[in-house]
Amino acid sequence: MGRRYWLMKSEPGCFSLDDLRTSPQGISAWDGVRNYQARNLLRDDIQVGDGVLFYHSNISRPAIVGLARVVRSGYPDHTALDPRSRHFDPRATPDSPIWYMVDVAYVTALPHPLTREDLGRHPVLGTMDVLRRGNRLSVQPVTPEQWRTVLTVAGLMDPLEHFAGAG
DNA sequence: GCCAACGTTGGC
DNA sequence: GCCAACGTTGGC
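Described in the following lines is the structure provided in the data block. Worth saying up front: this structure is predicted, and the values here are computed from it rather than measured.

On to the nonpolar core. Membership of the largest hydrophobic core comes to 21 residues, with the highest contact counts inside it found for Met-8, Trp-30, Leu-42, Ile-46, Val-102, Val-104 and Val-139. For this core, the secondary structure elements donating two or more residues are strand E1 (5-10), helix H1 (17-21), helix H2 (36-45), strand E3 (51-56), strand E4 (63-76) and strand E5 (100-115). If you tally residues by element for this core, the top one is E4, at four residues. Residues Leu-67, Leu-114, Leu-119 and Met-157 belong to the second largest nonpolar core, which totals 19 residues.

With that settled, consider the packing of aromatic side chains. Enumeration over the complete set of coordinates arrives at five aromatic pairs. Seen from their ring centres, Phe-15 and Trp-30 are 6.2 Å apart, and the 90° between their planes marks the pair as edge-to-face. Note that Phe-15 is positioned in the loop between E1 and H1 and Trp-30 in strand E2 (residues 27-30), a separation of 15 residues in sequence. For the ring pair Trp-30 and Phe-54, a centre distance of 5.3 Å and an interplane angle of 80° mean the geometry is edge-to-face. Linking Trp-30 in strand E2 with Phe-54 in strand E3, this pair joins segments that are 24 residues apart in sequence. In this pair, the class of Trp-30 matches that of Phe-54, namely buried. Aromatic rings pair up to connect Phe-15, Trp-30 and Phe-54 into one cluster.

Cut-offs used in this document
- Residues numbered from 1 in each chain as written.
- Chains lettered and ligands numbered in written order.
- Predicted model: local features only at pLDDT ≥ 70, side-chain atom pairs only at ≥ 80, totals over all residues.
- Heavy atoms only, no water.
- Core = buried A, V, L, I, M, F, W, Y, C linked by side-chain atoms within 4.5 Å.
- Buried < 20%, exposed > 50% of the residue type's maximum accessible area, 1.4 Å probe, protein only.
- Helix = DSSP H or I, 4+ residues; strand = E, 2+ residues; numbered from the N terminus.
- Phe/Tyr/Trp six-rings, centres within 6.5 Å; stacked < 30°, edge-to-face > 60°.

The following block contains the structure:
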């Protein structure tokens with residue numbers, strides 16, 4: 001299986017793209033996910049090298065604000081074992097950790113954030129899961145086409161590159 | 001701050 | 001196994 005792409009949501013007041021950028025070596029665990037569907041993605045599907053769209057939620061202008069990549073695949077989320085953590089889950093044990101996380105590395109901020117309005121009026125991006133009303137999944141799959149389109153619309157990829165070698 | 005949508009819990 | 005109650009998420 002080749003590289004896959006994901007969108008990860010975070011409230012910037014809790015953990016922002018800038019928090020990731022300024023983490024040691026630009027790397028942080030994506031911890032605290034307490035939803036089984038998202039857990040399954042973290043544990044089973046997300047692989048090293050996968051691309052991540054970093055999305056800021058629960059603010060006045062929610063938006064895709066940057067890119068990250070996965071640098072460690074799923075491993076037990078130890079914050080579930082820590083009674084002092086606000087992500088503590090008394091059901092979790094070292095043998096049965098229940099919750100999983102991955103490590104992600106900062107890649108870049110988008111020159112301009114892509115707001116929901118931006119996404120919604122684009123023919124390709126308008127179908128993204130994140131726009132679906134009531135969708136609360138904090139880790140979501142993104143298609144390769146959506147990934148490429150985000151990069152192009154954000155100005156991170158020269159559209160003329162498609163024609164390289166064509167003449 | 002409001003509230004709709006969603007996931008989880010727990011009584012039955 | 002059903003489903004009402006509850007807590008949380010997250011756009012607006």
